[in-house]
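In case you want the letters, here they are:
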Amino acid sequence: MKKALITGVFGQDGAYLAKSLLRSGYRVFGGDLSVSRKFFVNLEYLKADKDVEASRLDLTDQSSVQRILGRTKPDEIYNLAGQSSVGLSFKKPGLTKSINALGVRNLLTAAERACPEAKIFQASSAEIYAGAGKGKIGESEIPNPISPYGESKLLAQKYVELFRKERGSFACSGILFNHESPLRGTGFVTRKISRAAAAISLGLQENLVLGNISAKRDWGYAGDYVEAMRLMLCQDSPSDYVIATGKSNSVRDFVDAAFAYTGEKLDWKGRGVKEIGVSRRSGKILVKISAEFYRPADTGALIGNPGKAKRTLGWAPETGFEEMVGLMVEADLKRLKAGKK
Ligand code: GDP
């Protein structure tokens with residue numbers, strides 16, 4: 001039986017990946033900062049909570065990493081742990097670097113000692129290209145991060161490359177463009193929107209307040225992206241891959257699609273922080289803008305070119321934008337009706 005260790009197993013991607021690996025007959029170990037029962041909620045949602053063997057793991061503590069790898073001796077390691085909010089990284093740059101970059105160095109070093117044959121996946125991010133020009137971004141684009149988050153992910157990717165080229169580690173970075181699901185945290189704009197659209201349609205919330213709704217992202221479905229992670233570790237040799245859909249939508253498009261799912265059509269009026277989204281049906285203002293949710297630096301558009309992943313891994317995203325928005329709003333409607341968060 002193959003063994004996998006997923007760091008950050010309680011997050012969105014950790015839960016989908018654990019479910020996928022368990023379905024394929026893997027023994028799945030998970031690591032996260034705390035193993036308190038309340039953090040099993042994503043695994044519970046996917047009915048994977050009983051089968052994941054979870055332990056406390058702090059990537060910034062080299063001995064903690066060494067211990068878990070020595071004990072579990074995984075064939076595959078998926079590093080999904082990290083400080084995942086771009087917005088928060090402006091407030092906590094040191095913490096972000098410590099977990100997202102130095103933590104990865106700890107993991108690569110510990111794996112070299114404890115399980116040198118293990119194949120390693122590192123979750124890198126499109127944010128390393130946030131300052132790049134327009135057009136679809138592939139692996140050869142010159143990185144240009146504009147946030148502490150992007151910087152930390154770029155440094156981690158450099159460590160992965162170093163260990164691969166200089167030390168012979170089977171280590172790959174998946175340069176993941178935004179990927180969402182009903183398990184996305186409510187701090188991310190997609191889930192903030194899906195939850196608000198559901199709550200407003202149930203009469204539980206008056207309106208939704210957002211920041212820069214003209215920002216565009218290449219939004220894929222997390223359930224599809226974890227399959228790409230697995231495929232990367234099935235190859236004969238390690239490499240880095242952009243994982244994206246190749247299509248982009250604005251935050252405003254996401255809002256339109258989410259409200260449309262609940263039967264609302266929005267008319268947009270005004271510009272900048274004065275822009276509002278008005279219900280065509282009731283005339284009520286359902287969406288407002290506040291400077292509070294703008295970032296010190298924000299990338300206008302990020303679109304990936306998943307050509308290499310398609311050619312080499314045979315991977316392609318299966319879930320379209322509107323289908324994914326529908327899945328998210330539907331899940332939030334169910335949760336709210338059941339009185340859950
Ligand atoms: P990110 O791409 O990893 O930073 O994912 P987010 O979901 O946090 O943000 C995606 C985009 O939505 C960014 O360009 C944000 O500036 C924009 N955005 C607009 N309003 C909001 C908001 O209220 N919350 C968040 N998190 N992002 C917002």
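See the structure printed just above.
Procedures and definitions
Here the residue index of a chain counts from 1 through its sequence in written order. Per-residue local features of the predicted model are confined to residues with pLDDT of at least 70, and side-chain atom pairs are confined, for both listing and counting, to 80 or more; whole-chain, interface and lining totals are unaffected and use all residues. Heavy atoms from the whole structure form the basis of all side-chain values; hydrogens and water molecules are not counted. For two strands to be treated as a pair, DSSP must find at least two bridges joining them. Runs of H or I in DSSP of at least four residues are treated as helices and runs of E of at least two as strands, each being numbered from the N terminus. Between the N-to-C directions of two axes lies an angle of 0 to 180 degrees, each axis being a line fitted to C-alpha atoms and, for a helix, fitted only over the stretch in contact. The near set for a molecule or strand comprises every residue that places at least one heavy atom within 4 Å of it. Polar contacts, as used here, are pairs of N or O atoms within 3.5 Å; protein pairs need one atom able to donate a hydrogen and one able to accept it. Residues neighboring in sequence count only if both atoms are side-chain atoms. Residue burial considers only the protein chains on display, and all accessible areas are found by Shrake-Rupley using a 1.4 Å probe. Three categories are distinguished: nonpolar for Ala, Val, Leu, Ile, Met, Phe, Trp, Tyr, Cys and Pro, charged for Asp, Glu, Lys and Arg, and polar for the others, with Gly belonging to the last. All domain edges in this entry derive from an automatic or database-based domain assignment. We call two residues in contact whenever any of their non-hydrogen atoms come within 4.5 Å of each other.

A few words now on the sheet that holds strand β14 (residues 266-269). Spatial ordering of the open sheet is given by β9-β16-β15-β14, a layout of 4 strands whose pairing is mixed. Of all strands in the sheet, those bounded by a partner on one side alone are β9 (208-210) and β14. For this sheet, the mean angle separating the axes of adjacent strands, direction not counted, is 20°. Pairing geometry for β9 and strand β16 (residues 285-289), over 3 bridges, is parallel. Bridge pairing in β16 links V209 to K288.

Attention now moves to the site of the ligand. Taken together, 16 residues surround the ligand, and among them V189, K192, G211, R295 and D298 come closest. Here an oxygen atom of the ligand and a side-chain polar atom of K192 are 2.6 Å apart. Protein contacts shield 93% of the accessible area of the ligand, which totals 530 Å² for the unbound molecule. By residue class, the composition of the shell around the ligand is 7 nonpolar, 4 polar and 5 charged. Looking at which domains feed residues into the shell around the ligand, each of domain 1 (3-181 + 219-247 + 302-319) and domain 2 (189-215 + 250-300 + 326-337) supplies at least three.

Ordered in space as β3-β2-β1-β4-β5-β7-β12, the 7 strands form an open sheet in which the pairing is parallel. At either end of the open sheet lies a strand with only one pairing partner, and these are β3 (53-56) and β12 (241-243). Averaged over neighbouring strand pairs, the angle between their axes works out to 20° when direction is ignored. Against the sheet, helix α8 (residues 222-232) engages β4 (76-79), β5 (119-125), β7 (170-176) and β12, with an angle of about 155° to β7.

So, about the pairing of strand β15 (residues 276-279). In the sheet, β14 pairs with β15 via 4 bridges, with the strands oriented antiparallel. Bridge pairing in β15 links K269 to I276. Linkage of β14 to β15, two consecutive antiparallel strands, is achieved through a turn of 6 residues, within which G270 is found at a positive phi near 80°. As judged from the 2 bridges shared by β15 and β16, these two strands associate in the antiparallel manner. Bridge pairing in β16 places G277 opposite V287.

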